[in-house]
Amino acid sequence: MERILIVEDEPKIADLLQKYLQNANFQTDWLANGTEVSAWVKAHSPALILLDVMLPGKDGLSVCKDIRQFSGIPIIMLTARVEEIDRLLGLELGADDYICKPFSPREVVARVKAVLRRWESVTHASQTDTAAGALVLERDRLIVRSGQAEVSLTLVEFELLEILYKQPGRIFGRDQLMSKVYSDNRIVSDRTIDSHIKKLRKKLSEILVNQEVIHSVYSVGYKFEL
C-alpha cells in the first residue's frame, strides 16, 4: 500500500483528503506545520506528498525547495493562490504538479494516481543506463551522471531530459513537450515548460561545467545537442 503524506493546516480539508485516498487504497499521514516535513520525509520516505502552499511555520514553497535538496519524491502542490507566477514558482522549485483550491477530492485522487503512474513508468522501465556522449541517465534513481559527478532530477525534469536526449538534434516544440509530459491534456502554459527547462539547465550545469546541452530554438522550442 503506497503511503501519501498530506501537508495541510486545515483539518477539515486534510480529513477529507485522507478519507478519499484511503478509499482508493492508499495509506495516509498528515502534518499541519511546514517545519516538520523535511525530517518526517527523511524518516518515512512516502510515495508522494500533497503539499499546501500556505502553511504555519514554513510555507509550502520553501518546504518543496528543502525536500528537493535530498529527494526527488513526487510533490503535488495545493494552492488557493491562483496567479500563474505562484504556480510557476512551485514548479520551478521542483514540484511535479499543482492543484488549485477549491478542488474535488476525486480530482486529487486522480492526479495522485497519474503522477505515481508516471513515476513508476520511469523508475520501473528498463534498468539499463542510457548514455549520450558525456551523460548517463539512470532511470531507477532519477539521476543524470557525467563521469563521477551526478545530480538528482524531479520526475518532470527527468522526463523532459529523456525526451530531448533520446533524439539529439531534433527540435521539440513546447506543445509537443507539454503533450508528452502532461498526457492528461490539461491546459499548461508555455512558461511552465520554460520554467522546467530553466531548472533542468541549472542542474545540468553542476555536472557539465561550461557546456550547454539543451539549446533553445527561437520561437520553436528546444533540442538536445552535445
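Everything below is about the structure shown above.
Now for a description of the structure that goes with this document. These numbers come from a predicted model, not from an experiment.

What counts and what doesn't
- Residues numbered from 1 in each chain as written.
- Predicted model: local features only at pLDDT ≥ 70, side-chain atom pairs only at ≥ 80, totals over all residues.
- Heavy atoms only, no water.
- Helix = DSSP H or I, 4+ residues; strand = E, 2+ residues; numbered from the N terminus.
- Buried < 20%, exposed > 50% of the residue type's maximum accessible area, 1.4 Å probe, protein only.
- Pairing = 2+ DSSP bridges.
- Core = buried A, V, L, I, M, F, W, Y, C linked by side-chain atoms within 4.5 Å.
- Contact = heavy atoms within 4.5 Å.
- Axes fitted to C-alpha atoms, helices over the stretch in contact; angles between N-to-C directions.
- 1 Å grid on protein atoms, 1.4 Å probe; cavity = no way out; pocket = protein on both sides within 12 Å on 5 of 7 lines; lining within 4 Å.
- Points joined across faces, edges and corners; volume = space filled by probe spheres on them.
- Expected span 1.5 Å × (residues − 1).
- Arc of directions from axis to C-beta.

A separate point is the side chain of Ser38. You can see Ser38 is positioned in helix 2 (residues 37-44). Judged by its relative accessible area of 17%, Ser38 falls in the buried class.

Here four bridges tie strand 11 (residues 214-217) to strand 12 (residues 221-224), and the two strands are oriented antiparallel to one another. When the bridges of strand 12 are listed, Val217 appears paired with Gly221. Where strand 11 folds back onto strand 12 in an antiparallel hairpin, the turn is made up of three residues, including Ser219, whose phi is positive at roughly 65°.

On to the nonpolar core, then. Counting residues in hydrophobic clusters, the biggest one holds 50 residues, and the most contacted among them are Ile49, Leu51, Met77, Val144, Leu161 and Ile214. Among the elements that make up this core, the one with the highest residue count is helix 6 (residues 155-165) (seven residues). Within the second largest apolar cluster, 19 residues are counted, among which are Ile6, Ala24, Ile99 and Val115.

With that settled, consider the environment of Lys180. Within the secondary structure, Lys180 sits in helix 7 (residues 174-181). Among the residues examined, Lys180 registers a relative accessible area of 47% and is labelled partly exposed. In this structure the C-alpha to C-alpha distance between Lys180 and Glu159, which are 21 residues apart in sequence, comes to 8.6 Å. Not counting chain neighbours up to four residues away, the residues in contact with Lys180 comprise Ile163 and Phe172.

Pairing within the open sheet is antiparallel, and its three strands lie in the order 10-12-11. Single-partner strands in this sheet number two, and they are strand 10 (172-173) and strand 11. Here helix 6 sits on the sheet in contact with strand 10, strand 11 and strand 12, set at roughly 70° to strand 12.

Taken as a whole, the largest pocket spans an internal volume of roughly 360 Å³. As for the largest pocket, its lining consists of 17 residues, and the residues nearest its centre are Arg68, Gln69, Lys199, Lys203 and Glu206. Secondary-structure elements contributing two or more residues to the lining of the largest pocket are helix 4 (84-92), strand 9 (149-152) and helix 8 (190-204).

Right, let's get into helix 1 (residues 11-23). Given 3.6 residues per turn, any residue in an α-helix points the same way as the ones three and four places further on. The end-to-end C-alpha separation of helix 1 is 18 Å, in line with the 18 Å expected for 13 residues at 1.5 Å each. Among all positions in helix 1, only Ala14, Leu17, Gln18 and Leu21 are buried. What you see down the axis of helix 1 is that its buried residues fit within an arc of 100°, all on one side. The outward face of helix 1, more than 90 degrees from its buried face, is lined by the exposed residues Lys12 and Asn23. Positive backbone phi, at 70°, marks Asn25, one or two positions downstream of helix 1.

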